[in-house]
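Here is how the chains run, residue by residue.
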Number of protein chains: 2
Amino acid sequence: MADSCNIGVDTLGSETPTSEIIHGALDFAQIQTDCAITFVGRKDELQQAKDFGHSVVVCPDSVSHYESLVGVLRHNRSSSMKVGLELLSTGEIDGFVSTGDTAALMALSRQVLPMLPSFDRPAIIKRFDGRQQPYWMLDLGANVVRKKSWLLQFAQMGSAYATAVGSVARPRVSLLNIGSEARKGPQILRETASDLSKTANLNFVGFVEADRLFDGSSDVVVTDGFSGNVALKSIEGATRIAHHFIDQELHTAGLNESEVARSVAQEVREKLNAQAYNGASLIGLNGVVVKSHGRTDRIGIGAALQLAREEIQARVPEHLRRDR
Amino acid sequence: MADSCNIGVDTLGSETPTSEIIHGALDFAQIQTDCAITFVGRKDELQQAKDFGHSVVVCPDSVSHYESLVGVLRHNRSSSMKVGLELLSTGEIDGFVSTGDTAALMALSRQVLPMLPSFDRPAIIKRFDGRQQPYWMLDLGANVVRKKSWLLQFAQMGSAYATAVGSVARPRVSLLNIGSEARKGPQILRETASDLSKTANLNFVGFVEADRLFDGSSDVVVTDGFSGNVALKSIEGATRIAHHFIDQELHTAGLNESEVARSVAQEVREKLNAQAYNGASLIGLNGVVVKSHGRTDRIGIGAALQLAREEIQARVPEHLRRDR
C-alpha cells in the first residue's frame, strides 16, 4: 500500500504518563489502519503494545527534563528520544512523535538528522483553528534568538508547509509585530518585512498583531521562537482561564446538573483545547518530527500521530526542499 | 476633601467614538462623586459634558494613528493628547486617560513629563485577574527593545506598583521566559534573573512561562515590551475566539433563547473581557497616565478612569520614587 506508514512513538521523558501515551497510540492505530506504530521505551511498560502486534524498541533511558543540553547531547547511553530519531534517520520509521523536552528534541534532531538545504535551523510550526479557517504559526520555540536570515527562512518553510499540509495554493504570509503599520516595532522586523515583500515566491501580506491571529487575515504567521512561544503559551493560559470561568459560572448558575449546559461547556472546552494541546512539528529537517504537548493525554497523542501521518503522506520534507 | 481628584480625558484619536468616551466618563463621574473630569477635545462634541458642569479644554486636533512619531513630537499645533499631558504636568489635573496610539502616548509623555529618578524609560503595566488573585505584567509595549538595565528597572517599578495599588506587602516578582528552569531562554534573561535574585529589595521568584501566568505563582511579571505586548494581545485574541466558540455552541445547542444559558455566556464574556479591555498604565513618569484600549466602549472608559483614580489615591508616582 503506497500510503502506509510507520510512526515511532517516544513513550518516555515527559509529564504525560507512559500508559496514556501507549493508549493514545493504540487507539490511533485501530482507526488509522494504514499506520504501523513503533513504540520506543521501557520493556516492562510496552508489553501491551507488543500484545497488540506493534513493534517495540526497548530503550530504558529518557531525556530528563532537568538534564543540561550538553548532557543530553553527550550522553553515552541512548535516550528513547535519541533512539527514535535514529530510527527515523535510517528510514526504519517514517515519522517520530515525542512528548519530551522541546530543547532536547531540537538539539538531538539537529544532531541526528540532516537539515534540508537552504535552512540553517529547524522551526516549530503548529496549526491553529481561526474563526473561519486554520492558520499556521512558526517558530514556536525551537530558537530563542531573533535573526533576520532565520525569519526569512521560516517564511519559506511555513509557506511550503501550508501548501503541502493545508493545500493552501498561495499562502498569505505575515510577520508577527506589535503594530500593523510599517513603522511599528523593532528595526529588525521592519527590515525583514521589507525583504519579504521583495521575495518573489512568497505572498507576504505585512505585519499582524497577536490579537488578530484568529481573524483569518493570514495563512502563515512568522515570528522568532521566543515571541512565538510566548504567543502559544499565552493562548494556552487564556484558554485555561476561560475554562475556569465557564465552570465557575455554570456552578454559580446551578447549571452543573444540566446536561445541556454541561455538553455546551464540554464542546467549548474541546474546541479551546484543540488550539492549545494538539501537536506541533519540527520542520526544516529531513524527517517528520512531531512534538506533542508535554502535559497531554491519549486524545492529544492521537492528534499528534494524526499530524505525523498527514505530514508523511504530504511528503513535507520534500516540499520544503527549495531545490526540489 | 483630601482624596478628591480631577482626571483629564482625551476624547479624540482612537477607534473608540468620542460619544462613547464622553458617556463612559459621565457615567463614571456620577458614581465616583469625588472625581471631577476635564474633557479635552473638539468644542462641538463636548457640549454635553459642559452641560453636566464638567471642565472642557477645547483642542481641535488629535494624534493621527498614521502620523509618524517624529510628526507627533514636532507638531506645531497641539493634539488633545499633548494638551492633556501638559495639563497633567502643570498640576491642573491629577491623572490623564487616553485611548490614543500607544507609541504616541509614550513619546509625548516622555516629552512633556519628567521621568522619575532611577528610571530610564516608562513601561506599560496592567492588572490581570488570575484564577485566585490578580497579577500585574509589564512592559506591555512602551519599549520594543529588550535591555537588561530596563528589565531590572521594570522589576523595581512593578514591585512598587503592586504594593501601592494592590496592597501586596512583598510582591513575588518573576521574569517571563519560554521555560521555567534556570538554563532556559536567551542569555540576557538568564543574566537578568541572576541580577534580580541578588537584588535585596526585591522578592524574585524566578522564571514564569506564559501558560502559567494565571496560576498565581507571582504577583508581578516582568518582560520586555515586545514579548509583553505579544502576551497581552494573544490573551485578547484567545479571549475573542473563546467568545466565538461559546456563541457558536449555544447556537448549535439551540440555547440562544434560553435566558439562563445567555446569562452564563454573558458572565463568562464579561470576566474574559475584563482581562483584555481594562486600562493599562504608563509608569515610571512623574504623573498618572492611563492608556485605555483603542477599541473600547463606555464600560472600558469607566474602568480606565477607575484605574486612574486608584493610582492617584495610592500616590503611585511617589511610591515609585526610589529615593523616597
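Provided above is the structure to which this section pertains.
In what follows, the accompanying structure is described. (Residues numbered from 1 in each chain as written. Chains lettered and ligands numbered in written order. Predicted model: local features only at pLDDT ≥ 70, side-chain atom pairs only at ≥ 80, totals over all residues. Heavy atoms only, no water.)

### With respect to the packing of aromatic side chains
Residue and element names in this part refer to chain B.
Step number 1: Taken as a whole and judged by the stated rule, the model has 6 aromatic pairs over all chains.
Step number 2: Centre to centre, the rings of F128 and F214 are 6.5 Å apart; their planes meet at 85 degrees, and the pair counts as edge-to-face. One end of the pair, F128, is in strand 5 (residues 123–129); the other, F214, is in the loop between strand 8 (203–208) and strand 9 (220–222), with 86 residues separating them in the sequence.
Step number 3: For F128, a relative accessible area of 0% gives the class buried.
Step number 4: Relative accessible area serves as the criterion here: at 2%, F214 is assigned to the buried category. (Phe/Tyr/Trp six-rings, centres within 6.5 Å; stacked < 30°, edge-to-face > 60°. Helix = DSSP H or I, 4+ residues; strand = E, 2+ residues; numbered from the N terminus. Buried < 20%, exposed > 50% of the residue type's maximum accessible area, 1.4 Å probe, protein only.)

### A closer look at the relation of the copies chain A and chain B
Step number 1: Of the transformation superimposing chain A on chain B, the axial component is 0.0 Å and the angular component is 180 degrees, with the fit at an RMSD of 0.0 Å. Given the turn and translation reported, the copies of this chain are related as if by a two-fold rotation axis.
Step number 2: A shared interface surface links the copies, since 100% of the contact residues of chain A are contact residues in chain B too. (Least-squares fit on C-alpha atoms with pLDDT ≥ 70 in both. Contact = heavy atoms within 4.5 Å.)

### Brief notes about the sheet that holds strand 2 (residues 35–41) of chain B
In any sheet, the strands associate via hydrogen bonds between backbone groups, in a parallel or an antiparallel arrangement.
Residue and element names in this part refer to chain B.
Step number 1: What the 11 strands build is an open sheet, ordered 3-2-1-4-11-10-5-6-9-7-8; its pairing is mixed. Either end of the sheet is taken by a strand with one partner, and the two such strands are strand 3 (55–58) and strand 8. When the angles between neighbouring strand axes are averaged without regard to direction, this sheet yields 25 degrees.
Step number 2: When strand 10 (residues 280–283) meets strand 11 (residues 288–291), the two strands line up antiparallel, connected through 3 bridges. Note that in strand 11 the partner of L282 across the bridge is V289. (Pairing = 2+ DSSP bridges. Axes fitted to C-alpha atoms, helices over the stretch in contact; angles between N-to-C directions.)

### Some details on the pairing of strand 1 (residues 5–10) of chain A
Residue and element names in this part refer to chain A.
Step number 1: Buried residues dominate strand 1, accounting for 6 of its 6 residues.
Step number 2: Side-chain alternation along strand 1 places C5, I7 and V9 on one buried face and N6, G8 and D10 on a second face that is also buried.
Step number 3: Sheet analysis places strand 1 next to strand 2 (residues 35–41), joined by 6 bridges and oriented parallel. Directly across from C5, in strand 2, lies its bridge partner C35.
Step number 4: Taken together, strand 1, helix 1 (residues 18–31) and strand 2 constitute a β-α-β crossover, and its handedness is right-handed. (Right-handed = clockwise from strand over helix to strand, strands pointing away.)

### Some remarks on the interface of chain A and chain B
Step number 1: Contact with chain A, which involves 59 residues of that partner, is made by 59 residues of chain B.
Step number 2: Three residues stand out in chain A for area buried against chain B, namely I178, D211 and F226 of chain A, and they jointly supply 14% of the buried area on that side.
Step number 3: In this assembly, chain A and chain B are joined by 8 salt bridges.
Step number 4: Residue K233 of chain A pairs with E209 of chain B through a salt bridge whose shortest N-O separation is 2.1 Å.
Step number 5: Where chain A packs against chain B, one counts 10 residue pairs in polar contact (both at pLDDT 80 or more). (Buried area = accessible area lost by both parts, 1.4 Å probe. Salt bridge = Lys/Arg side-chain N within 4 Å of Asp/Glu carboxyl O. Polar contact = N/O pair within 3.5 Å; in protein donor to acceptor, adjacent residues only side chain to side chain.)

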